[in-house]
Amino acid sequence: MNIWLIFFYLQVLDVLTTLLGLSLGTPEANPFIDFFIQRWGAYGLIFIKMIAASFIFLLVKLTFKTKWPMSIINFYFMALILWNFVGSIIKIYSFTSPI
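As the structure is a prediction and not an experimental result, all values here were calculated from the model.

**Q** Would you mind showing me how to read the environment of F35 here?
**A** Mapping F35 onto the fold places it in helix α2 (residues 31-63). Judged by its relative accessible area of 38%, F35 is partly exposed. Placed 10 residues apart in sequence, F35 and L45 show a C-alpha to C-alpha distance of 9.2 Å.

Next comes the structure, spelled out in structure tokens:
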């Protein structure tokens, strides 16, 4: 599979897992992203993700001639998606103490 297609899918999954976490009450950890979410909700998240993904695409495409930097970036986003997903699962199954 094309490494850029994987990057695109990871961006979509990042937005979806972030929205899942936000809908469960988990706060956004990145203050810059949170600024856009607080002002424009999901549209702000999608907007800033499109800007950031475009910046990453251009930076890597124009700077590197090999695919390994994109592999590292994709690995980072896979870890981020896993973090979002695990945080959401913990939030769903967390129980409050009756005390």
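**Q** Explain helix α3 (residues 68-93) here, please?
**A** An α-helix turns once per 3.6 residues; consequently, residues spaced three or four apart project the same way. Over its 26 residues, α3 runs 37 Å from end to end, which matches the ideal 38 Å to within 8%, given 1.5 Å per residue. When we look at burial in α3, the residues that qualify are P69, M70, N74, F77, I81, N84 and S88.

**Q** Quick question: what am I supposed to make of the packing of aromatic side chains here?
**A** To describe a pair of aromatic rings, you give the distance between the ring centres and the angle between the ring planes. For the structure on display, the rule yields 11 aromatic pairs. With centroids separated by 5.4 Å and ring planes inclined at 90 degrees, the aromatic side chains of F35 and F36 adopt a geometry described as edge-to-face. On the basis of relative accessibility, which here comes to 11%, the residue F36 falls in the buried class. Centre to centre, the rings of F35 and W40 are 6.4 Å apart; their planes meet at 80 degrees, and the pair counts as edge-to-face. An aromatic cluster is built from W4, F7, F57, Y76 and F77, whose rings are joined through pairwise contacts.

**Q** Mind showing me how you'd approach the nonpolar core here?
**A** Across soluble globular proteins, nonpolar side chains have a tendency to be buried as a group. Formed by I3, W4, F7, L10, A53, I56, V60, M70, F77 and I81, the largest nonpolar core amounts to 10 residues. Top contributing element to this core by residue count: helix α1 (residues 3-23), with four residues. Ignoring sequence-local partners within four residues, the contact set of I3 consists of K67, M70, S71 and N74. Among the nonpolar cores identified, the runner-up in size contains six residues, and V15, I33, I37 and L45 belong to it.

About the criteria used
Residues numbered from 1 in each chain as written. Predicted model: local features only at pLDDT ≥ 70, side-chain atom pairs only at ≥ 80, totals over all residues. Heavy atoms only, no water. Helix = DSSP H or I, 4+ residues; strand = E, 2+ residues; numbered from the N terminus. Buried < 20%, exposed > 50% of the residue type's maximum accessible area, 1.4 Å probe, protein only. Expected span 1.5 Å × (residues − 1). Phe/Tyr/Trp six-rings, centres within 6.5 Å; stacked < 30°, edge-to-face > 60°. Core = buried A, V, L, I, M, F, W, Y, C linked by side-chain atoms within 4.5 Å. Contact = heavy atoms within 4.5 Å.

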